[in-house]
Structure formats: C-alpha cells, structure tokens
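Take a look at the letters that make up each chain.
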Amino acid sequence: MIALAVTMATLFVWSLVAGRLARWSVTAPVAMTAAGVALTVGPHPLVRIHLTTSNAEHAVEVILAVLLFIDATEVPAGAIHKQRTLLTRLLAWGLPLTLAVAALLGKLLFPTGGWWLAALFATVTVPIDLAPAAELIRDSRLPPWLRGVLTVESGLNDGIVAPVFLLCLAGFEAHGVPAHHATGEVGAALTALPWAVAAGFLVGGPGGWLLRRSWRAKWTRESAVRLGIVALPLAAYALANTLDGNGFVAAFVAGLSFTPASRALPHKALHLVEDLGTLLSLALWFVFGDVVTTAFTGNFNANVVVYALLALTVVRIGPVLLCLTGSGLDWADRWLLAWLGPRGLASIVFGLLAFISLADTDPHAADLVGQVMTMTVLMSLALHGLTYGPLAARYAAARSRTATAAEAHG
C-alpha cells in the first residue's frame, strides 16, 4: 500500500504547483516519472513495484483498456471525414510502412533475436502518444486542421497496432517450440481478435444507444450517465476475456462503436472516464520511473540507444514524408507532421506487457524489450519536449511570411 500512498501523494503535490512547473515544461508525466525514479532507485528503495506477476499484467491490461476506450471516443466529430484523405495516407499507408521499417531496423541491430522480436520492437516503439506533449494540441500557433490530424492519428494508431502487437508477442513466444505448439499459439492470437471485436461491438454500440435513449427519456441523471460510461470499457474487457478474446482490443472497439451515441449525451458525460484515464496513466508514468531505474542495471546493449534514436527520427520521418508525397501539403506541413510523433503511454504499456509475458520464459528478450521501450520514451520526452516549442515558433513565423508575401503579390 505504500506504493499507492506515495504515488497519490506525488500526484497531489504536483497538482499544487502544476501551473508553475508548466513554465519549465514539467508536465505531469515528467513529474511522475521523476518521482518514480527517485523513489525506486537504490538497494533499499522507499517503494518496491513487482511487475512480473499475473496481477500486474491484468492491472496493466485494464489500464490499457480504459485508455484505448478514451482514445477512441476523443476523435473529434467530423475530423475523420474532413481529413479522410490525409488520415488514410498516415494510417493505411504510413503506419504499416513505419512498422516495416522499424522491424527491419530491429533485425539489423539485433540479428540474434529473429524477425518476431524485431516486429515486437516495432509494435512497442511505433505508436505515437501526445500525452507527453499535450500543450501541442492547445497551441494556437499550429493550424486547427493540423492539430486535429495529430489528435486522430494519436487516438487511433495504438488501437490499430494493438492486435499486431498481440500477434508478434504470440509469434515470439512460440519461436523455437515444436511446430504444432507454435501454430496453436499464433492461431489462438488470431482467433482471439474476432472475439474481441465482437465483444467490443456488443458492449459499446448497445451501451451507447441505451444511455442515449435513457437520457433523452429523462430516466437517468448526468452523474449516473458518467458512471455508466466508465462501466463500458471494463465490461468490454471482461466479456472479451470470458470469450477468450483480447480485452483491451475489445475496449478500443467498444469506444469506436460508442462514440456516435456519445455526441447526444451531456457535454460533461465523458469527464469521469477521462479523469479516470488520466489518473491511471499518471500511475503508469510512476511505474515507468521504476522501469527506468531497473532497465539498465543488467547487461546493456549499446544498440538500444541507436535503435531508439532512429525509431524517433528516420523510422517515423521517412515513411510519413513518403506517404504524404502528392498530398498537396507544403514542406513545412509535411516535416511538422513527420517530426511530431512523441512516444508515451502506448509504448510503455505494450513494453510492460511484453516484459511481463517474457520475464519467465526469455529473460534476455524481456530485458531487451524493456530497454528499447525505456530508451525510446526517455529520448522522446527530451527530443520532442525540447524541440516542439522552437519548431512551432519557426512554423508560425514561416506561415506569417508566406501570408505577407501572398498579400504583397495580391
């Protein structure tokens, strides 16, 4: 219980000085990570977190289920329709290409791990998350359409990558075992997906419809609606696991199918589940601080640093620029979209799940996944945190010069 007490105390202290810390770009994720490092470091840490247990795995899965549900519901109304061509390029072309390049890089830098481990690295490090750079979405120096595209991409790409991650994890766990066992494990991962999708649709769509009808008929209250929404991702997770499906994929599908009905609910209906997601995500950032203190205490592979740096730059920038060729966007817009790909909670959760699953069967691979995830997220906090402000300023200045030149020639 001391871990919970210290985590909540850290969060409370941050809440008291959040405004002042924001002046130095000390966001909640940064503060919780720093606290996690400080309180779990050393031979006799104040807080001990045991990650390699089944209870820890289930807790991480439940947190991911809630976060994926929120991601699916946060897609702005009409945003997909307005930017469908651009989003198709980023999600249908750019994302698979990015995964392929990341997997190839993983195979080149870690050749003994095989293709399954390389693919697992890719699924852990590719999904973007705007939480470490939340101010980006509110920065008026960036045009609304660009912020909308980044929001939708961030909200959907982790849900799209989640089943690929599960398949790669099952494939790696089956590597080296008898063929019939390997086929069975990979087959089980594949058959779990339809059950997860079915569970998500069974919970999200009807749940949203019932809440909307009840609200319109004035059978319920706003506070009760908020609680009902919180129940949906947890119900989807539980139903999927009962059906031998995957719970967090089901929660993402539930969020997608619930979203149309949510727009007819009270404006603040989603606030409770969003606040719950924020609280759970900050707890994960604290746990990430513990991972930072332990990830590099054993044998450290220097290629981890190279992989993380390339994953944040070449692996993201190259495919995005390629898929945006012929889109009609100018170079400033393309480069900004390509660069603004911070990594955060999705990488942490996928990395933790892989680490927990592999810790007993293949400790070396588990350590590698943990190191790759940790280095990628830490570098992202530094790179995107330090470069976002200057880039936004230069972008706004370039746009101003372009507008002035257009007026002069007009």
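If you're wondering where the values come from, they're calculated on a predicted model, not measured in any experiment.

(A) Local environment of the nonpolar core. The biggest cluster of nonpolar side chains holds 120 residues, and the ones touching the most others in it are Leu120, Phe165, Ile229, Phe248, Trp285 and Tyr307. Other than its neighbours up to four places away in sequence, Ile229 contacts Phe69, Leu211, Phe258, Leu265, Ala269, Leu270 and Val273.

(B) Quick peek at empty space enclosed by the protein. This model, assessed by the stated rule, comprises one cavity of 30 Å³ or more. The volume enclosed by the largest cavity comes to roughly 70 Å³. In terms of lining residues, the largest cavity is bounded by Leu90, Leu91, Gly94, Leu95, Thr98, Val126, Ile128, Glu153, Asn157, Arg316 and Val320. Elements that contribute at least two residues to the lining of the largest cavity include exactly helix 6 (84–109), helix 9 (144–174) and helix 15 (314–323). Looking at which element gives the most residues to the lining of the largest cavity, the answer is helix 6, with five residues. For the lining of the largest cavity, a count of residues per class yields six nonpolar, three polar and two charged.

(C) Spotlight on the packing of helix 3 (residues 28–40) against helix 13 (residues 271–295). Relative orientation of the contacting elements helix 3 and helix 13 amounts to 45°, with a least axis distance of 7 Å. Relative to helix 13, the element helix 3 is oriented oblique. The two elements helix 3 and helix 13 meet at a crossing, and its hand is right-handed. Of helix 13, the residues touching helix 3 (which contributes Ala28, Pro29, Met32, Thr33, Ala35, Gly36, Val37, Leu39 and Thr40) are Leu282, Trp285, Phe286, Phe288, Gly289, Asp290, Val292 and Thr293. Tallied by class, residues from the contact of helix 3 with helix 13 come to 11 nonpolar, five polar and one charged.

(D) Quick look at the side chain of Thr374. Tracing the backbone shows Thr374 in helix 18 (residues 363–409). With relative accessibility at 0%, the residue Thr374 sits in the buried group.

(E) Up close: the side chain of Thr123. Looking at the secondary structure, you find Thr123 in helix 7 (residues 114–125). Under the relative-accessibility criterion, Thr123 is labelled buried at 1%. Discounting residues that sit within four places of it in the chain, Thr123 has contacts with Leu99, Val161, Val164, Phe165, Cys168 and Phe350.

Criteria and cut-off values
- Residues numbered from 1 in each chain as written.
- Predicted model: local features only at pLDDT ≥ 70, side-chain atom pairs only at ≥ 80, totals over all residues.
- Heavy atoms only, no water.
- Core = buried A, V, L, I, M, F, W, Y, C linked by side-chain atoms within 4.5 Å.
- Buried < 20%, exposed > 50% of the residue type's maximum accessible area, 1.4 Å probe, protein only.
- Contact = heavy atoms within 4.5 Å.
- 1 Å grid on protein atoms, 1.4 Å probe; cavity = no way out; pocket = protein on both sides within 12 Å on 5 of 7 lines; lining within 4 Å.
- Points joined across faces, edges and corners; volume = space filled by probe spheres on them.
- Helix = DSSP H or I, 4+ residues; strand = E, 2+ residues; numbered from the N terminus.
- Nonpolar A, V, L, I, M, F, W, Y, C, P; charged D, E, K, R; others polar.
- Axes fitted to C-alpha atoms, helices over the stretch in contact; angles between N-to-C directions.
- Parallel < 35°, antiparallel > 145°, perpendicular 65-115°, else oblique.
- Left-handed = near helix turned anticlockwise from the far one by under 90°.

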